[in-house]
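Coordinates in review
Spelled out from the first residue to the last, the chains are:
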Amino acid sequence: MQASKEDKIYTVMANIPPGKVASYGQVAAMAGLLNNARLVGRLLKLMPKDSSIPWHRVINSQGKISFPEGTAQYQKQYQLLQSEGVIFKNGRVNMRQFQWD
DNA sequence: AGATTGACATGCA
DNA sequence: GTGCATGCCAATC
């Protein structure tokens with residue numbers, strides 16, 4: 001049982017309610033890993049396919065999707081977020097909804 | 001074992 | 001607002 005940073009990260013991300021988004025740093029901070037934003041992103045990249053983690057609710061501190069536009073991933077995440085009620089403003093998400101508690 | 005990279009963040013110019 | 005530099009941690013080469 002690893003029970004480590006990634007475990008907390010998974011838990012935090014899984015706790016993100018629909019219609020809200022969180023930045024890597026935000027998730028990391030909540031997981032108790034303040035400077036480990038990279039850990040979050042690294043995990044998402046190597047995410048188990050059967051992990052019920054809403055990776056699309058995780059974005060960068062700029063309030064934007066971490067993928068370059070034109071990529072399927074970007075459009076997919078964009079679509080998912082919009083479908084959940086997330087408002088994209090000029091390619092950026094309203095960071096006000098960061099607080100979901 | 002050492003060096004490099006990565007779905008990042010923050011600070012300063 | 002943009003661009004460069006530094007930090008942090010684990011996986012990969």
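Above this text you will find the structure in question.
In this text the structure is predicted, and so the values were computed from the model without any measurement.

Moving on: the packing of helix α1 (residues 5-14) against helix α3 (residues 37-45). Relative orientation of the contacting elements α1 and α3 amounts to 80°, with a least axis distance of 10 Å. Compared by their axis directions, α1 and α3 come out roughly perpendicular. Contacts between α1 and α3 involve Glu-6, Ile-9, Tyr-10 and Met-13 on the former and, on the latter, Leu-39, Val-40, Leu-43 and Leu-44. Tallied by class, residues from the contact of α1 with α3 come to 7 nonpolar, no polar and 1 charged.

Bringing the layout of surface pockets into the picture now. Rolling a probe over the atoms, with the probe sized like a water molecule, indicates the empty space that remains. When its volume is computed, the largest pocket comes out at roughly 330 Å³. What lines the largest pocket is a set of 15 residues, and nearest its centre among them are Leu-44, Lys-45, Trp-55, Phe-67 and Gln-73. Mapped by element, the contributors of at least two residues to the lining of the largest pocket are α3 and α4 (72-84). Per-element accounting of the lining of the largest pocket gives the leading share, 3 residues, to α3.

Surrounding DNA strand C, one finds Lys-5, Asn-35, Asn-36, Arg-38, Leu-39, Arg-42 and Leu-46. A share of 67% of the atoms of DNA strand C within 4 Å of the protein falls on sugar and phosphate groups. Here Lys-5 contributes a side-chain N or O atom positioned 2.7 Å from a phosphate oxygen of DNA strand C. Separating a sugar or linking oxygen of DNA strand C from a side-chain N or O atom of Arg-42 is a distance of 3.2 Å. Among the elements that take part in the surface near DNA strand C, α3 stands out by supplying 3 residues, more than any other. Looking at the surface near DNA strand C residue by residue, the class counts come to 2 nonpolar, 2 polar and 3 charged.

Definitions and limits used
- Residues numbered from 1 in each chain as written.
- Chains lettered and ligands numbered in written order.
- Predicted model: local features only at pLDDT ≥ 70, side-chain atom pairs only at ≥ 80, totals over all residues.
- Heavy atoms only, no water.
- Axes fitted to C-alpha atoms, helices over the stretch in contact; angles between N-to-C directions.
- Helix = DSSP H or I, 4+ residues; strand = E, 2+ residues; numbered from the N terminus.
- Parallel < 35°, antiparallel > 145°, perpendicular 65-115°, else oblique.
- Contact = heavy atoms within 4.5 Å.
- Nonpolar A, V, L, I, M, F, W, Y, C, P; charged D, E, K, R; others polar.
- 1 Å grid on protein atoms, 1.4 Å probe; cavity = no way out; pocket = protein on both sides within 12 Å on 5 of 7 lines; lining within 4 Å.
- Points joined across faces, edges and corners; volume = space filled by probe spheres on them.
- Near = heavy atom within 4 Å.
- Polar contact = N/O pair within 3.5 Å; in protein donor to acceptor, adjacent residues only side chain to side chain.

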